[in-house]
Amino acid sequence: RKEVEQDPGPFNVPEGATVAFNCTYSNSASQSFFWYRQDCRKEPKLLMSVYSSGNEDGRFTAQLNRASQYISLLIRDSKLSDSATYLCVVSRYTSRGAAGNKLTFGGGTRVLVKP
Amino acid sequence: GAGVSQSPSNKVTEKGKDVELRCDPISGHTALYWYRQSLGQGLEFLIYFQGNSAPDKSGLPSDRFSAERTGGSVSTLTIQRTQQEDSAVYLCASSLGQGAGQPQHFGDGTRLSIL
């Protein structure tokens, strides 16, 4: 089983609609969580961190459920420019090899917003 | 510059040749990661450096791949005797590393094409 799993999609979303998707992680020792966005043929860029109490950044809302070991991302009032692959990232401390906070990426969820 | 810098941005080489890819992380970032991404695929973790610790090499696909990080800053990923399946975008990322909640910042990547 992969450490971080995501539905690859694509999620086809009408412009203006709301879309939400989850990411599950297997290691209960995971400490920090992020959503990244990757546009086609571009590098991933940080979208937002995910806090325990849930957090919002404009049209984007992230939630963390530690009991069920998943995080979610909700996009309201979708714009055409929201079309991208959304990568879930989980951080945990490791003392093996390079000790420190190692980040692990999920495979990404592709979102296509259509007019 | 303020971001992660990678060079070259594009590299085309013949099968069997060795290649070196360079990553200059953000100043002060102790953690450095190498990933590769094939077209339409997710990020594949290769290697992780954290400070002066021995690196986590668990993602390197074969012994043709190696990486160094000199002086805790610049890193070089070397691929020996390249094969066509090595063709991909090689991404480098850095983060503050110590302490939870530190996201990664990516370079633009090196697009490697093996003929």
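For the structure itself, look to the data block above.
Per chain, residue numbering runs from 1 following the sequence as it is written. Just so you know, chain letters begin at A and ligand numbers begin at 1, following the order they were written in. For this predicted model, a pLDDT threshold of at least 70 governs which residues receive local features, and a threshold of 80 or more governs which side-chain atom pairs are given and counted, while totals over whole chains, interfaces and linings are taken from all residues. Calculated side-chain values reflect all of the structure's heavy atoms, with hydrogen atoms and water omitted.

*Asks:* Just give me the short version of the pattern of salt bridges, but keep the residues and values in it.
*Replies:* Two side chains that carry opposite charge are able to pair once their charged atoms sit near each other. Residue and element names in this part refer to chain A. Between Lys or Arg on one side and Asp or Glu on the other, a salt bridge is scored when a side-chain nitrogen of the former is within 4 Å of a carboxyl oxygen of the latter. Here the structure, examined in full by the defined rule, presents seven salt bridges over all chains. Here R76 and E56 are joined by a salt bridge, their closest N and O atoms 3.6 Å apart. Here R76, found in the loop between strand 8 (70–75) and strand 9 (84–94), pairs with E56, found in strand 6 (residues 55–57); they are 20 residues apart in sequence, far enough to count as distant. Accessibility here uses a 1.4 Å probe with only protein chains present; expressed as a share of the type maximum, an area under 20% marks a residue as buried, one over 50% as exposed, and anything in between as partly exposed. What makes E56 exposed here is its relative accessible area of 58%. Between K79 and D77 there is a salt bridge, with its nearest N and O atoms 3.0 Å apart. Residue classification places K79 among the partly exposed positions, given a relative accessible area of 33%. With a relative accessible area of 37%, D77 lands in the partly exposed category. Numbering of helices and strands runs from the N terminus; a helix is a DSSP stretch of H or I covering at least four residues, while a strand is a stretch of E covering at least two.

*Asks:* Outline the sheet that holds strand 6 (residues 65–69) of chain B, listing residues and values.
*Replies:* Residue and element names in this part refer to chain B. Reading across the sheet, the four strands line up as 1-3-7-6 and stay open at both edges, with antiparallel pairing between neighbours. Each having just a single partner strand, strand 1 (5–7) and strand 6 make up the two edges of the open sheet. The sheet shows a mean angle of 15° between the axes of neighbouring strands, direction not considered. The rule for pairing is simple: two strands pair if DSSP sees at least two bridges between them. Here an angle of 0 to 180 degrees is reported between the N-to-C directions of two axes, which are lines fitted to C-alpha atoms, with helices fitted over the stretch in contact.

*Asks:* Help me get a handle on the state of the cysteines, residues and values and all.
*Replies:* Residues and elements named next belong to chain A. In plain terms, two cysteine sulfur atoms within 2.5 Å form what is called a disulfide here. As enumerated under the stated definition, the model contains two disulfides over all chains in all. Each sulfur of the disulfide joining C23 and C88 lies 2.0 Å from the other. Between C23 and C88 the sulfur-sulfur dihedral comes to about -65°; the bridge is accordingly left-handed. Residue C23 is found in strand 3 (residues 19–25), and its partner C88 is found in strand 9; the two are separated by 65 residues along the sequence.

*Asks:* If you had to explain the nonpolar core to someone new, which residues and values would you point to?
*Replies:* Of all hydrophobic cores here, the largest spans 22 residues; its most connected members are A:F21, A:W35, A:I71, A:L73 and A:Y86. Looking at this core, the elements that each hand over two or more residues are strand 3, strand 4 (32–38), strand 5 (45–50), strand 7 (60–65), strand 8, strand 9 and strand 11 (109–114) of chain A. Residue contacts are defined here by distance: any two heavy atoms, one from each residue, within 4.5 Å place the two residues in contact. A:F21 has contacts with A:F11, A:W35, A:I71, A:S72, A:L73, A:I75, A:Y86, A:T109 and A:V111, leaving out every residue within four places of it along the chain. In this structure, B:V4, B:L21, B:F65 and B:L77 belong to the second largest nonpolar core, which totals 20 residues. By convention a nonpolar core is built from buried Ala, Val, Leu, Ile, Met, Phe, Trp, Tyr and Cys residues, the set being connected through side-chain atoms within 4.5 Å.

*Asks:* So what about the pairing of strand 4 (residues 31–37) of chain B? Which residues, and what values?
*Replies:* On a regular strand, one side chain projects to one face of the sheet and the next to the other, so that they alternate. All names here are of chain B. Counted residue by residue, strand 4 has seven buried out of seven residues, so it is predominantly covered. Here strand 4 shows no split at all, with A31, Y33, Y35 and Q37 on one side and L32, W34 and R36 on the other all buried. Pairing of strand 4 with strand 5 (residues 44–50) involves six bridges; the strand directions are antiparallel. By the bridge assignment, A31 is partnered in strand 5 with Q50. Where strand 4 hands over to strand 5, the hairpin turn is made up of six residues, of which G40 adopts a positive phi near 75°.

*Asks:* I'd love a proper account of the environment of B:Q102, names of residues and values included.
*Replies:* In this fold, B:Q102 is placed in the loop between strand 8 (88–95) and strand 9 (105–106). Accessibility expressed as a relative area gives 23% for B:Q102, which makes it partly exposed.

*Asks:* Got a sec to walk through the sheet that holds strand 1 (residues 4–6) of chain A? Specific residues and values, please.
*Replies:* Residues and elements named next belong to chain A. Spatially, 1-3-8-7-6 is the arrangement adopted by the five strands of the open sheet, whose pairing is antiparallel. Both edges of this open sheet fall to strand 1 and strand 6, since each of them pairs with a single strand only. The average undirected angle you get between the axes of adjacent strands in this sheet is 20°. Relative to strand 7, strand 6 runs antiparallel, the two being bridged by three bridges. From the neighbouring strand, D57 faces strand 7, where its bridge partner is F60.

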